[in-house]
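The primary structure of each chain is shown beneath.
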Amino acid sequence: MRVVLFSAVVLALFFGCTKKTKESIYNRPAIFWYQGILREILFLNLETADNYYSSLQSEHINSPLVPDAMLALGQAHLKKKEFVLAEYYFDEYIKRFGNQDNIDYLKFMKLQARYYAFKNHSKDQEFMANTIGMLNDFVDKYPNSRFLNQVEYMQVKFILGQNELNRAIANVYKKRHQKEGVKRYLERVDEVLEKETHPKKSYMPWYVAIFNW
């Protein structure tokens, strides 16, 4: 009887503490959420960090800690190769806090997320075309940016990747004996850049190649 009573008391205390914890997790100071975000980033618990950011954002939308949290989460997701989420945070920062002093850095970070995601989207025509457009836009708008050399490097890599994709699609049309399709995609290849850079064809293991274009 004593054991049953003791167990009941322990369960009551446990559920009582759990309820209290859930209730007390709301309406906390901005610094509470911000420190939580940094702590969870440190331990690579990015899903929890994202949830803490949602609380910071909803409870303290005008806090000066919000933009810092955005950047920290964008960089953390980038490091963890979660490129879509990284780009999301950089995009949101640009929309809300971008200005003349930081805009080239923010757009560079967004482009960097796309560059690292390149491997996962090497056959996505829309992704390639949109990113090249963004890279071209950066080069045109920020010719004096300290990130220009890195962006131009990404620009070359993406155009060469697009060249390879266009050749692969042309090859598909060739196998189907569709000459117009072959011509259309080969015309999109930047021959001048290829002659200047002498790119090597992307490595593809044989067990992947047999199921590929």
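Before any of the text, the structure's been laid out above.
Remember, predicted model here, so these are calculated numbers, not experimental data.

Student: Sorry if this is basic, but what is going on with the overall build of the protein here?
Tutor: A tally of regular secondary structure across the protein gives eleven helices and zero strands. Listed N to C, the secondary structure of the protein is α-α-α-α-α-α-α-α-α-α-α in terms of helices and strands. A total of 213 residues make up the protein; the buried ones form 37% of that total. When contacts within the protein are restricted to residue pairs at least 6 apart in sequence, long-range pairs at least 24 apart make up 57% of them. As presented, the protein carries roughly 14500 Å² of accessible surface, and 57% of it is formed by carbon and sulfur atoms.

Student: What am I meant to see in helix H4 (residues 65-79) here?
Tutor: Side chains of residues three or four places apart in an α-helix project in the same direction, reflecting 3.6 residues per turn. With 15 residues, H4 should cover 21 Å at 1.5 Å per step; its first-to-last C-alpha distance of 21 Å lies within 8% of that length. The buried fraction of H4 amounts to twelve of the 15 residues, a majority that puts the element mostly inside the structure. Taken as a whole, H4 has its buried residues at Leu65, Val66, Pro67, Ala69, Met70, Leu71, Ala72, Leu73, Gly74, Ala76, His77 and Leu78. Each element contacted by the buried residues of H4 is listed here: helix H2 (30-42), helix H3 (46-59), helix H5 (83-97) and helix H6 (103-117). Just past H4, the residue lysine 81 takes up positive phi, approximately 65°.

Student: Is there a simple way to think about the pattern of salt bridges in this case?
Tutor: A side chain of one charge can pair with a side chain of the opposite charge when the charged atoms of the two come close. All told, the structure shown has eight salt bridges when counted by the stated rule. A salt bridge links glutamate 87 to arginine 114, with the shortest nitrogen-to-oxygen separation between them at 3.1 Å. Of this pair, glutamate 87 sits in helix H5 while arginine 114 sits in helix H6, and the two are 27 residues apart along the sequence. Residue classification places glutamate 87 among the buried residues on the basis of a relative accessible area of 15%.

Criteria and cut-off values
- The numbering scheme is per chain: residues are counted from 1 as the chain's sequence reads.
- Totals for whole chains, interfaces and linings use every residue, but because this is a predicted model, local features are given only for residues with pLDDT of at least 70 and side-chain atom pairs only at 80 or more, for both listing and counting.
- Hydrogens and water molecules were not included; the side-chain quantities draw on all heavy atoms of the structure.
- Each helix corresponds to a stretch of at least 4 residues labelled H or I by DSSP, and each strand to a stretch of at least 2 residues labelled E; elements are numbered beginning at the N terminus.
- When a residue's accessible area, from a 1.4 Å probe over protein chains only, is under 20% of the maximum for its type it is buried; when over 50% it is exposed; and in between it is partly exposed.
- What makes two residues a contact is simply this: any of their non-hydrogen atoms within 4.5 Å.
- Only the protein chains shown count as cover for residues, and the accessible areas themselves come from Shrake-Rupley with a 1.4 Å probe.
- By this rule the span expected of a helix is its residue count minus one, scaled by 1.5 Å.
- In what follows, salt bridge is the name for a side-chain nitrogen of Lys or Arg lying within 4 Å of a carboxyl oxygen of Asp or Glu.

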